[in-house]
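Report on the structure
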Amino acid sequence: PIHWTPVYAGGKTNTLLANSVMEGQLMTSVSTPIFDRRNYSERAANLLGVVGTDIPIRQLMKLVPPYKLGVNGYSFIVNNNGHVLYHPDLRPLFVETLKPNYNNVDLSSVELVDSETMSLENNTLLMDLRHDMIEQKEGETELRVKVHYDDMKRVTIRRHKYFYHPIDDTPFSLGLALPDGYGMYEVLAEQEIKLSHINVTEYFKGNNWRVHPDWVYCEYNYANEHYFASPEEQVVHFLSRTRRPGWKWMSLRPRSPHRSSENHAGTKKMEKESYYCDKSLMQSLVFDAMITHDIQRA
């Protein structure tokens, strides 16, 4: 069996910058026993050991691109106890001090239902949502919730649509919360880089531009093998790579082999130069830079 731990604070991970390490971040660990199954004539197998790894929660957050959820949409993950691994209202620190109960914050503590106008119905729907995610069911529901903004100086009541689905081979469930009315329209504005008549890196000269610090445009799968002075330098690096012969976008994250598979001999380890690159996000960025460049020249 595969075992996942509750969220905890600790560990170190490399950042984009050389010799830069992030400490004390939220983590989860996964482990599984390794058996000697070479003797297929016997049902029993000798235990060889246990293999495991630590996973920063921020790596899980990358799997749900926030730009696709809209400015007021968000994602969250709940474990089989109803505790959140991450949520925009999960605040584990208080004045740079870790809160005592940071790792067992319940979903009902961060999703604040409107209990004044629809107290019974809203609380029941929230508990149903929590129960379904614990049981790893797939579904959707709607809730009226209180949402804060302006650094928690103001509060408004908004109707959210919730979509949830289990994450295979884990005790976790992923939830998406979108304000009612979202998703009806989508603006598509991209510049096909391969069809561009000029080198698109020309749009990214100078230091008067920035990319969103929390969005993943492109990154190497082995981040500790590649260092950049800033997220902007990383973007320019990959834009330069798009002009190389044989460039591929690699817009899908690599998937692990299914645990029901007995033979993983055909599974290949990713190369050090392997990468992930979001084609839609990168080409939208180039389109934005191209339009801005033309406006500045006018």
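In case you missed it, the structure is sitting above this.
Notes on the structure in this doc start here.

Cut-offs applied
- Residues numbered from 1 in each chain as written.
- Predicted model: local features only at pLDDT ≥ 70, side-chain atom pairs only at ≥ 80, totals over all residues.
- Heavy atoms only, no water.
- Buried < 20%, exposed > 50% of the residue type's maximum accessible area, 1.4 Å probe, protein only.
- Helix = DSSP H or I, 4+ residues; strand = E, 2+ residues; numbered from the N terminus.
- Pairing = 2+ DSSP bridges.
- Core = buried A, V, L, I, M, F, W, Y, C linked by side-chain atoms within 4.5 Å.
- Contact = heavy atoms within 4.5 Å.
- Axes fitted to C-alpha atoms, helices over the stretch in contact; angles between N-to-C directions.
- Parallel < 35°, antiparallel > 145°, perpendicular 65-115°, else oblique.
- Nonpolar A, V, L, I, M, F, W, Y, C, P; charged D, E, K, R; others polar.
- 1 Å grid on protein atoms, 1.4 Å probe; cavity = no way out; pocket = protein on both sides within 12 Å on 5 of 7 lines; lining within 4 Å.
- Points joined across faces, edges and corners; volume = space filled by probe spheres on them.

Quick look at the pairing of strand β13 (residues 173–179) now. Judged by how many residues are buried, β13 sits mostly within the fold: five of seven residues are covered. Between strand β12 (residues 154–166) and β13, which pair antiparallel and follow one another directly, the connecting turn spans six residues, one of which, Asp169, has a positive phi of 65 degrees.

Turning to the nonpolar core, a few remarks are in order. Counting 33 residues, the largest nonpolar core has Phe76, Leu107, Leu129 and Tyr162 as its most contacted members. With four residues, the single largest contributor to this core is strand β7 (residues 74–78). Ranked by size, the runner-up nonpolar core spans 23 residues in total, among them Val200, Trp249, Met282 and Leu285.

So, about the side chain of His160. Following the sequence through the fold, His160 ends up in strand β12. Other than its neighbours up to four places away in sequence, His160 contacts Tyr74, Thr141, Glu142, Leu143, Val145, Val147, Ala177, Leu178, Pro179 and Asp180.

Direction vectors running N to C along helix α4 (residues 231–241) and helix α5 (residues 279–297) enclose 100 degrees, while the axes themselves pass 12 Å from each other. Classified by the interaxial angle, the pair formed by α4 and α5 is roughly perpendicular. From α4, Val235, Phe238 and Leu239 reach across to α5, where they touch Met282, Leu285 and Val286. Residue composition of the contact of α4 with α5, by class: six nonpolar, no polar and no charged.

The next thing to look at is the layout of surface pockets. By volume, the second largest pocket is sized at about 460 Å³. As for the second largest pocket, its lining consists of 19 residues, of which Tyr67, Lys68, Gly70, Glu186 and Val187 are closest to the centre. Looking at the lining of the second largest pocket element by element, the count peaks at four residues for α5. Considered class by class, the residues forming the lining of the second largest pocket number twelve nonpolar, four polar and three charged.

On to the sheet that holds strand β11 (residues 139–149). The sheet built from five strands is open, its strands ordered β8-β7-β13-β12-β11 with antiparallel pairing. Either end of the sheet is taken by a strand with one partner, and the two such strands are β8 (84–86) and β11. Averaged over all neighbouring strand pairs, the angle between strand axes comes to 35 degrees, with direction disregarded. Strand direction decides the pairing type here: β11 and β12, joined by eleven bridges, are antiparallel. Residue pairing across strands places Glu140 opposite Phe163, the latter belonging to β12.

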